[in-house]
Amino acid sequence: MESGPSSGDFATYIVSSPLLLPVVDSIWLCFVSLSMADGFPPSVDARTGFDSGTKIYHSLRPFLTLPPLHLPLSAADYAISLLCPSPATPLPDKPAFINASTGVSLTYSEFFRRVRTLSSSLRSIASLSKGDVAYVLAPTSLEIPVLYFSLLSLGVVISPANPLSTASEISRQIALSRPKIAFATSGTAVKLPSLPVILLDSPEFDSMMRVTPNGPYPEPTQPVRQFDPAAILYSSGTTGNFKGVVLTHRNVIAVTAGVTTVRESGERLPGANLFTVPLFHVFGFLVSARSMAMGDTVILMERFDFAMMLKAIEKYKVMYMPVSPPLVVGMVKSPEVDKYDLSSLQAVGCGGAPLGKEMAEKFTQRFPKVTLGQAYGLTETSGGVARTMGPAESYRYGTAGRLVENTEAKIVDAETGEALPPGKQGELWVRGPLIMKGYVGDDEATAATLNSVGWLKTGDLCYFDQDGFLFVVDRLKELIKYKAYQVAPAELEALLQSHPQIADAAVIPYPDEEAGQIPMAYVVRQPGSSLNGSQVADFVAKQVAPYKKIRRVAFINAIPKSAAGKILRRELVKISQTSSISKL
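Calculation notes
Residues numbered from 1 in each chain as written. Predicted model: local features only at pLDDT ≥ 70, side-chain atom pairs only at ≥ 80, totals over all residues. Heavy atoms only, no water. Helix = DSSP H or I, 4+ residues; strand = E, 2+ residues; numbered from the N terminus. Buried < 20%, exposed > 50% of the residue type's maximum accessible area, 1.4 Å probe, protein only. Contact = heavy atoms within 4.5 Å. Areas by Shrake-Rupley, 256 points an atom, 1.4 Å probe, with all protein chains shown as cover. pLDDT = per-residue confidence, 0-100. Axes fitted to C-alpha atoms, helices over the stretch in contact; angles between N-to-C directions. Parallel < 35°, antiparallel > 145°, perpendicular 65-115°, else oblique. Left-handed = near helix turned anticlockwise from the far one by under 90°. Nonpolar A, V, L, I, M, F, W, Y, C, P; charged D, E, K, R; others polar. Core = buried A, V, L, I, M, F, W, Y, C linked by side-chain atoms within 4.5 Å. Polar contact = N/O pair within 3.5 Å; in protein donor to acceptor, adjacent residues only side chain to side chain. Phe/Tyr/Trp six-rings, centres within 6.5 Å; stacked < 30°, edge-to-face > 60°. Lys NZ or Arg CZ within 6 Å of the ring centre and 35° of its normal. Salt bridge = Lys/Arg side-chain N within 4 Å of Asp/Glu carboxyl O. Pairing = 2+ DSSP bridges. Right-handed = clockwise from strand over helix to strand, strands pointing away.

Before going further, it helps to examine the overall build of the protein. Within the protein, the secondary structure is distributed over 17 helices and 27 strands. Looking at the protein as a whole, 59% of its 584 residues are labelled buried. Contacts in the protein between residues at least 24 apart in sequence constitute 70% of all its contacts with a sequence separation of at least 6. For the protein, the accessible surface area stands at approximately 23900 Å², while carbon and sulfur atoms represent 54% of it.

Rendered as structure tokens:
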């Protein structure tokens, strides 16, 4: 097997077996189609979706019919087909994207006009073609969605990265993805090594979106196929070095297809969405495609600012907003919220990290007319594994929801490998059309995560309840081993965040000679608070079993987090190893 792709033939580089994923997808599709056509077989519990014979959980959502596997189709063309099912269907007569800072907008017609023109320019001027990799290092802007759709339509593999990445991180990402070209801004280009760069904030790029190149339009030599790579997204690296996750056009199509369920269920109508999540992250990358297919107006924030977010909700009558848990905490605790008219807000979708039951309840108390949807997914699962739908499911606080359409799961005992029934905790395995192709340039990590029949091992400790709802306990690697017990940091963090004098908190393992590890809390006080360590520990001790008690407390100005809101525990572990902190 090759050690990695060249920039010119990335589409032919398969990190696992070249035939594995199409075959697995076909077998899975055949099984699901039969079971949904005839109703679940007798061995499947219609309430949980659990098959007592195979020990597999099946999605309880309506089955989604995806395009035939043999049909050449890019993710961009599929999204457009959902937006306009026939050539006679007019484009929505409204803005597709609005810059929250400047108020500048792009209508749907102008957006697609720029996509077509830029696609022509990229092929003619930049000589980009199917299988090339384009590294994108830029903050959110109106140019990013245009660029994404253009690259997808050409079959160019998008490799977006956090513009705050360091030079060493960027070098490692580029070594993994081997891009032919980079797209950056005048502020981020200085971080790039020797590589052809097009500046998104330059007059030249503006011209590439507006002026069709002279001469005949060069036709593509190969069609874009659904199993071709569409993107390389970098995992957050909360427990170690990041990896380059390869998602295919089929993966993006499967995510986008969920729009039909939203429409048919009446869960929400097309409206104004405010994106607080960055477009380089899997959440923002894929939700932007879904929003386009839905016919939404997307308000983009170049950089996140809490007050600007509230102003945008009021100004643009925002109906829906995807957020991370820290933002939910901020909306619950910030007095700034009361200064703005947020009456248009109907739903908030929370994902990227666990959200505690107590905080979800407090959000609903403060915003009783807003549905708080929760979801769970990984970059490796195209961002989607489970989610709640509608107000009734949103009141099941603490759950990540039910399996999304066309998805199967197992709960596996980490020691015995036995698949477990509802109510039992184990590692979550998932399978379906959302699962990544693999990790670019890392066959060993791919083999350790993705087995030969398509099961992806998430590394998360989870369980399903008796109604088929998924509960995420914590990362298996992040469980604290206290004597003979396992303690989930997420449970303690949710308790700490419910304290009125605590703005934010994180819990890590701290080495201990007697116990092996003890729970240690890093706490951010609310402004003006004089809360001390003993008070923090006592607050938790009254609500948990003795082995879960917080035994060390340190105060910090801010909890280090990824762009998706995940706590970077390894950074706090490093701090704890260099600080003198007394045991309570």
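So much for the structure itself; the text now carries on.
Once that is clear, we can look at the confidence of the model for the protein. Averaged over every residue, the pLDDT of the protein is 86; the share at 70 or more is 88%. Note on residues 1-20: pLDDT is under 50 here. Beyond four places in sequence and across chains, it has 48 contacts. Taken as a whole, residues 30-38 scores under 50 in pLDDT and shows nine contacts with residues more than four places along the chain or in a different chain.

Now for the packing of helix 2 (residues 75-83) against helix 7 (residues 249-256). Across the interface, helix 2 lies against helix 7 with an axial gap of 9 Å and an inter-helix angle of 20 degrees. Here helix 2 is positioned roughly parallel relative to helix 7, judged by the angle of their axes. For the crossing formed where helix 2 meets helix 7, the hand is right-handed. Counting all contacts with helix 2, which are made through Ala75, Tyr78, Ala79 and Leu82, the residues of helix 7 involved are His249, Val252, Ile253 and Thr256. For the contact of helix 2 with helix 7, the per-class residue count stands at six nonpolar, two polar and no charged.

So, on to the nonpolar core. Ranked by internal contacts, the top residues of the largest apolar core, which has 90 residues, are Phe111, Leu122, Leu151, Phe183, Met292 and Leu428. Filtering out sequence-adjacent residues up to four positions away, phenylalanine 111 remains in contact with Ala96, Phe97, Leu106, Pro145, Val146, Phe149 and Met292. Core analysis: the second largest hydrophobic core is formed by 35 residues, Met309, Ala312, Met331 and Tyr397 among them.

Our next topic: the side chain of threonine 458. With respect to the helices and strands, the residue threonine 458 is situated in strand 21 (residues 456-464). At a separation of 2.7 Å, a polar atom in the side chain of threonine 458 contacts the main-chain carbonyl oxygen of leucine 428. Once you skip the residues sitting within four places of it in the chain, threonine 458 turns out to touch Tyr376, Leu378, Glu427, Leu428, Val430 and Arg475.

A separate point is unusual backbone geometry. Excluding glycine, residues mostly carry a negative phi; peptide bonds, for their part, are mostly trans. Not every positive phi belongs to a glycine, and arginine 178 is a case in point at roughly 50 degrees. As for its placement among the helices and strands, arginine 178 is situated in the loop between helix 5 (167-177) and strand 7 (181-184). Take arginine 178: its relative accessible area is 36%, and that puts it in the partly exposed class.

Moving on to the packing of aromatic side chains. Counted by the stated rule, this structure contains twelve aromatic pairs. Taking the centre distance of 5.4 Å and the plane angle of 80 degrees together, the rings of phenylalanine 111 and phenylalanine 149 count as edge-to-face. Of this pair, phenylalanine 111 sits in helix 3 (residues 108-124) while phenylalanine 149 sits in helix 4 (residues 143-154), and the two are 38 residues apart along the sequence. Take phenylalanine 111: its relative accessible area is 0%, and that puts it in the buried class. Connected via pairs of aromatic rings, a cluster forms that spans Phe97, Tyr108, Phe111, Phe112 and Phe149. Above the ring of tyrosine 439, the side-chain terminus of lysine 243 is found at 5.5 Å from the ring centroid.

Opposite charge on two side chains permits pairing when their charged atoms draw close. One pass over the full model with this rule turns up 18 salt bridges. Between arginine 61 and glutamate 393 there is a salt bridge whose closest N-O contact spans 2.9 Å. In this pair, arginine 61 sits in the loop between strand 2 (56-58) and helix 2 while glutamate 393 sits in helix 13 (residues 390-394), placing the two residues 332 residues apart along the sequence. Taking the relative accessible area as the measure of exposure, arginine 61 reaches 8% and is therefore buried. For the salt bridge of arginine 402 with glutamate 393, the shortest nitrogen-to-oxygen distance reads 3.6 Å. Given a relative accessible area of 10%, glutamate 393 falls into the buried group. Each of Arg47, Arg396, Asp465 and Asp467 takes part in a single network of salt bridges with overlapping partners.

All right, on to the pairing of strand 7 then. Across the two faces of strand 7 the burial is the same, with Ile181 and Phe183 and Ala182 and Ala184 all buried. The sheet contact formed by strand 5 (residues 133-137) and strand 7 spans four bridges and is parallel. For alanine 134, the partnering residue across the bridge sits in strand 7 and is isoleucine 181. Both strand 7 and strand 8 (residues 197-199) contribute to a ladder of three bridges, which runs parallel. In the sheet register, phenylalanine 183 faces strand 8, and the bridge partner there is isoleucine 198.

Attention now goes to the sheet that holds strand 22 (residues 470-475). Neighbouring strands of a sheet are bound in pairs by backbone hydrogen bonds; such pairs are parallel or else antiparallel. Spatially, six strands are ordered 1-2-18-19-21-22 in an open sheet, and the strand pairing comes out antiparallel. Each end of this open sheet is capped by a strand with a single partner; those strands are strand 1 (50-51) and strand 22.

This brings us to the pairing of strand 15 (residues 371-376). Most of strand 15 sits inside the fold, with five of its six residues counted as buried. Pairing between strand 14 (residues 347-350) and strand 15: four bridges, direction parallel. Following the sheet pairing, alanine 347 is matched in strand 15 by threonine 371. Once the chain exits strand 14 it traverses helix 12 (residues 357-366) before rejoining the sheet at strand 15, and the crossover so formed is right-handed.

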